Amino acid sequence: MNKLENFLKIADTKQKTMIILSFLLILGLVLNEIVPPLLLKKERLDADTRSLELKIAKNSIKKFNLKLKQIQKEILTKREVLEKKQEDINYIASKVYEIKYVLFDDLKWTEFLNDILKYSLERNIKNLVIKNKSVNKATELFLKHKKNVQVSGVGRYRDILLFLQYIENLDVLVAINKIDLEQSNDKKVLFDLELNVYGVEL
Amino acid sequence: MGSISQQINFINPSDLSCISFDGKEFTSECKKRSFIGSRLKYSDLILHSFKLPSNTNSEELASIVEIKMYEEAGLDLEKKYHISYIKKELDFEENFLIEAVAVEINRASKHLKNIVHKTKYIDFLALPFLSFSTLYKNKILLPKNDIFIYIDEDDSFITLYKDGKYISSKSTTTIEEMVKNLNSIGYETTSNNLLKILTEKGLDISLYERGSGAVYNQIESEFVKIFTKINDIILYNRSIFGFENAQRIFLCTKYGKINGLDGFIQNFGFENVEVSDFNFFAQKFEKNFLDYVTLSYIYDEILCDNQSHNIDIFPREKPFYRKTVGKYIISASIILLLAIAFVSSLYYEIDRLSQKKKDLEVKLEKIEKVAKKIKQKILVLKKDIETLNKKEQEIDIKLKNINQSLNSLESIIIRKNYSSDFILKVNALLKKYNLATTKVTLSGGDSMIIDIVAEPYKRDNIAKFMESLLKEGFVGVKTDEIISDEQIYTSTIEIKK
């Protein structure tokens, strides 16, 4: 150390500068080997962590839970709405079914034919012909067009009108589509009725 | 050395006793790490005086002094010396007088080895004859023509000061030499004993017992020699420095003054001279008086940062940070430390980021797992929503159909007896107007076409019938024609509800 001290004491500026520059050069070279890879690594890690943080932010559990709750709430609301609508439907159905004659089935059809025949006899209607054709038209409506019925015969005008009235007042949903009345030679009236029979199916 | 704010220790080179001074008072308590001062023995000094032109610059002066000392003072080239000088202005010449002082380092080291062994260094090693300047500087003495004589066992010297300025010094007889001379006349004594005799009896013959005359005579002759030498010095310096007469003489041993000195000096021819010892200070001491003077001098020199008369042959080693190599190493170390700190900070940052990345990855993995589950739940719930939407759509359609169906149902229910009522109403009006019909066609329940037959006299009734129909609220009552046959009128009437 003393030798070095003595050397430095007598060393001129150039020598001292050389010593300082050599030291700085060596240090610079060493740092140049060490620092850039470290900086690169740090930069990558920075980018990675930022990316991860972004992903975490995007995949926030809170966010998902919030969304989940929203959906659950939406479902709950929808269910309530549906229940309400279903209740409405049920209420309407119950009210509709309170009207007995809205239903139509084979038994009712049989009773309907039977009633017509019976009443035609009461009204002395002759040559009674009842033709029917089932309608199987696919429809979403609950009021179904069940049959097309054609009734024809001969009778007195008044009886035919009463007969017509009777048909209209039967416990079946009937819509008279067409009525043809024509006087025959024997003072009787020929009639030809076209009826649509409906039934409710909910 | 810089200014001081603490005390200075002085170590006596002979007995290693230590005293300290803080600028106010002397104490015998020497603190460690204080400045350390001591003095050289006069016998260790090689003095040589010579004149030089006053225009000699200080750089040349140092070289000239060194050369002169080797050439004229006979310094041994084989030995190491510390050479310094004292510059004295001359009253009558333009030249100045240089008093060069050479100290043989090995010789001085032998005398000071005990101090150096103890302290490792001596901050200020004083030339003893310069010490008296402190007395003038601190106004303890007024500047006059003063002679200081210090007599010790192995070190005695005479110093002359003129008007407070040092002008000359010479060695003189030591106690040991006096002892030797006393021994040669048959009086066996020791240095301490002689010092005791000097302080107690000194130069007062009346205090000596009978039979001790030889001793007194020997002592007196020693002092005669001393003062004869002083006379010579005065004569020499009178011509050079104008030192006419001594006004004060201070003579001291390490134990103080010599008894009977006043009378001796007066008898010797120094008339009207004040005689005293070295007990100059307000604080009074019992021995080592020169030490106090020298300590005060060292204090002054250090206070003034004057190192020119410091024989620094045992310098305190500079602190590492004040050495050139120390400065380089410290600077390099700081740069290295900064570089290491920078690199370390990078490593630390990388380590921190790596750890953070790991933590984030673990966190993300956990979140993704949970998120996946939640997403699956959400997916299921979305399907539920879809199902519910579908169901809602179905229900809506159903409701729409129900509404439509209800409307249709309502119209069917409302239109019960609709066709028969239509025909009966029309039939009632036909009867009212005695009209007969041959054909009735009813379409959709709202529209009726009726063929009417009327006898000629009831021809107007067709119109009335139509009018009545309108009155009854039928909206579309019209006929294209009424055909008249010879016997009957016929008409086809269209009626709408």
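Parameters at a glance
Residues numbered from 1 in each chain as written. Chains lettered and ligands numbered in written order. Predicted model: local features only at pLDDT ≥ 70, side-chain atom pairs only at ≥ 80, totals over all residues. Helix = DSSP H or I, 4+ residues; strand = E, 2+ residues; numbered from the N terminus. Buried ≥ 20, exposed ≤ 12 C-beta atoms within 10 Å, placed from the backbone. Contact = placed C-beta atoms within 7 Å. Pairing = 2+ DSSP bridges. Expected span 1.5 Å × (residues − 1). Axes fitted to C-alpha atoms, helices over the stretch in contact; angles between N-to-C directions. Nonpolar A, V, L, I, M, F, W, Y, C, P; charged D, E, K, R; others polar. pLDDT = per-residue confidence, 0-100.

## Quick look at the overall build of chain A
Okay, so step 1: Check the secondary structure of chain A and you find 5 helices and 4 strands.
Okay, so step 2: Ordered by position from the N terminus, the helices and strands of chain A form the series α-α-α-α-β-β-α-β-β.
Okay, so step 3: A buried classification covers 17% of the 202 residues belonging to chain A.
Okay, so step 4: Taking all contacts inside chain A whose residues are at least 6 apart in sequence as the whole, residues at least 24 apart take part in 65%.

## Regarding the overall build of chain B
Okay, so step 1: When helices and strands are counted, chain B shows 11 helices and 17 strands.
Okay, so step 2: Going through the 497 residues of chain B one by one, you find that 31% of them count as buried.
Okay, so step 3: Across chain B, contacts joining residues at least 24 apart in sequence account for 64% of those joining residues at least 6 apart.

## Points about the pairing of strand S2 (residues 143–155) of chain A
All names here are of chain A.
Okay, so step 1: Pairing between strand S1 (residues 126–134) and S2: 7 bridges, direction antiparallel. Looking across to S2, one finds that Asn-132 is bridged to Val-149.
Okay, so step 2: With 12 bridges connecting them, S2 and strand S4 (residues 189–200) associate as antiparallel partners. Pairing of Val-149 across the sheet is with Leu-195, part of S4.

## Description of helix H10 (residues 418–432) of chain B
Okay, so step 1: For H10 of chain B, spanning 15 residues, the distance from its first C-alpha to its last is 21 Å, which sits close to the expected 21 Å at 1.5 Å a residue.
Okay, so step 2: Listed in full, the buried residues belonging to H10 of chain B are Ser-419, Ser-420, Phe-422, Ile-423, Val-426, Leu-429 and Leu-430 of chain B.
Okay, so step 3: Buried residues along H10 of chain B sit in contact with helix H5 (157–168) and strand S3 (173–183) of chain A together with strand S14 (436–443), strand S15 (447–454), helix H11 (459–471) and strand S17 (489–496) of chain B.
Okay, so step 4: Positive backbone phi, approximately 50°, marks Asn-434 of chain B, located one or two places after H10 of chain B.

## Regarding unusual backbone geometry
Residues and elements named next belong to chain B.
Okay, so step 1: With a phi close to 50°, Asp-163 is a non-glycine residue in the positive phi region.
Okay, so step 2: Summarising the element assignment, Asp-163 is placed in the loop between strand S10 (156–162) and strand S11 (165–171).
Okay, so step 3: You can call Asp-163 partly exposed: it has 14 C-beta atoms within 10 Å.
Okay, so step 4: In this structure, Asn-288 is a non-glycine residue whose phi angle is positive, near 55°.
Okay, so step 5: Mapping Asn-288 onto the fold places it in the loop between strand S13 (274–276) and helix H8 (289–303).
Okay, so step 6: Taking the number of C-beta atoms within 10 Å as the measure of exposure, Asn-288 has 22 and is therefore buried.

## Thoughts on the sheet that holds S2 of chain A
Okay, so step 1: Across the sheet, which stays open at both edges, the 8 strands sit in the order S1(A)-S2(A)-S4(A)-S3(A)-S14(B)-S15(B)-S17(B)-S16(B) with antiparallel pairing between neighbours. The two strands at the open ends of the sheet, each matched to only one other strand, are S1 of chain A together with strand S16 (476–484) of chain B. Averaged over neighbouring strand pairs, the angle between their axes works out to 15° when direction is ignored.
Okay, so step 2: Relative to S15 of chain B, S14 of chain B is paired through 7 bridges, and the arrangement is antiparallel. Within the sheet, the bridge partner assigned to Ser-443 of chain B lies in S15 of chain B and is Ser-447 of chain B.

## Remarks on the interface of chain B and chain A
Okay, so step 1: Each side of the interface is counted separately: chain B has 62 residues, and chain A has 62 residues.
Okay, so step 2: Secondary structure elements with two or more residues in the side of chain B that touches chain A: helix H9 (324–414), H10 and S14 of chain B.
Okay, so step 3: The biggest single contributor to the side of chain B that touches chain A is H9 of chain B, with 45 residues.
Okay, so step 4: Class assignment of the residues belonging to the side of chain B that touches chain A gives a composition of 30 nonpolar, 15 polar and 17 charged.
Okay, so step 5: In the sheet, S3 of chain A pairs with S14 of chain B via 5 bridges, with the strands oriented antiparallel.

## Some thoughts on the sheet that holds strand S8 (residues 124–126) of chain B
All names here are of chain B.
Okay, so step 1: What the 5 strands build is an open sheet, ordered S3-S2-S1-S4-S8; its pairing is mixed. Strand pairing shows two members of the sheet lacking a second neighbour, strand S3 (26–27) and S8, which therefore form its edges.
Okay, so step 2: Pairing of strand S2 (residues 18–21) with S3, which is carried by 2 bridges, proceeds in the antiparallel orientation. Each residue of the ladder has a partner; that of Ser-20, found in S3, is Thr-27.
Okay, so step 3: Packing of H8 onto the sheet brings it into contact with strand S1 (8–11), S2, S3, strand S4 (35–39) and S8, and relative to S1 it is tilted by some 140°.

## Let's talk about the confidence of the model for chain A
Okay, so step 1: Mean pLDDT for chain A: 88, with 100% of residues reaching 70 or above.
Okay, so step 2: Across chain A, helix H2 (residues 13–58) of chain A holds the top mean pLDDT of 92, while helix H1 (residues 2–10) of chain A sits lowest at 81.

## Brief notes about H8 of chain B
Residue and element names in this part refer to chain B.
Okay, so step 1: Helix length check: H8 (15 residues) gives 21 Å between terminal C-alpha atoms against 21 Å at 1.5 Å per residue, within 8%.
Okay, so step 2: Here H8 lies mainly inside the structure; 13 of its 15 residues are buried.
Okay, so step 3: Of the residues flanking the end of H8, it is Asp-305, one or two places downstream, whose phi is positive at about 55°.

## Notes on the environment of Asp-15 of chain B
Okay, so step 1: Structurally, the position occupied by Asp-15 of chain B is in the loop between S1 and S2.
Okay, so step 2: Of the residues examined, Asp-15 of chain B has 12 C-beta atoms within 10 Å and is grouped as exposed.

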